[in-house]
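Inside the fold
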Amino acid sequence: QVHVVESGGGLVQPGGSLRLSCAASGNFFSIPAMGWHRQAPGKQRELVATITSSGRTNLADSVKGRFTISRDNAKNTVYLQMNSLKPEDTAVYYCNAAVRVVSGTYARNYWGQGTRVTVSS
């Protein structure tokens, strides 16, 4: 079984910073990719950033230059450093891990419960 747990959300003023963390645990072979999505009230969930096990990253245009995604493969942990936060960044942020449970099989997505980020003065 695979568990994905996020932490680090909270309330921050516009222009401030937050760092989200997400750790995957359990019995598996590898995690080819990890990432962050977010869902604002009344909106669909959207991709924020992804990172592969080799460090290749992809960020949404709306967060480029402000957010950075990084990963510690030894800890099966992914981080999202969010700077210059705006009110429109307010959302529940969900971590996902594409996990290959057994060598040679397809990776399956596992999701965390989400952590709320509120940007407000």
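Just above sits the structure.
Residues numbered from 1 in each chain as written. Predicted model: local features only at pLDDT ≥ 70, side-chain atom pairs only at ≥ 80, totals over all residues. Heavy atoms only, no water.

Chemically, a disulfide is nothing more than a covalent bond linking the sulfur atoms of two cysteines. This structure, assessed with the given rule, holds 1 disulfide. Sulfur-sulfur distance for the disulfide between Cys22 and Cys95 comes to 2.0 Å. Between Cys22 and Cys95, the S-S dihedral sits near -80°, and the bridge is therefore left-handed. Placement of the pair is Cys22 in strand β3 (residues 18-26) and Cys95 in strand β9 (residues 91-100), with a sequence separation of 73 residues. Note on accessibility: Cys22 and Cys95 belong to one class, buried. (Disulfide = S-S within 2.5 Å. Helix = DSSP H or I, 4+ residues; strand = E, 2+ residues; numbered from the N terminus. Buried < 20%, exposed > 50% of the residue type's maximum accessible area, 1.4 Å probe, protein only.)

One can find Gln13 in the loop between β2 (10-12) and β3. Filtering out sequence-adjacent residues up to four positions away, Gln13 remains in contact with Val119 and Ser120. (Contact = heavy atoms within 4.5 Å.)

For the largest pocket, the calculated volume is near 210 Å³. Lining the largest pocket are 13 residues; nearest its centre among them are Arg38, Ala40, Lys43, Glu46 and Glu88. Taken together, the residues that form the lining of the largest pocket break down as 2 nonpolar, 4 polar and 7 charged. (1 Å grid on protein atoms, 1.4 Å probe; cavity = no way out; pocket = protein on both sides within 12 Å on 5 of 7 lines; lining within 4 Å. Points joined across faces, edges and corners; volume = space filled by probe spheres on them. Nonpolar A, V, L, I, M, F, W, Y, C, P; charged D, E, K, R; others polar.)

Moving on to unusual backbone geometry. Most peptide bonds are trans, and most residues other than glycine sit at a negative phi. At Asn76, a position not held by glycine, the phi torsion is positive, near 50°. Within the chain, Ser84 stands out as a residue other than glycine whose phi angle is a positive 50°. Mapped onto the secondary structure, Ser84 falls in the loop between β8 (77-82) and β9.

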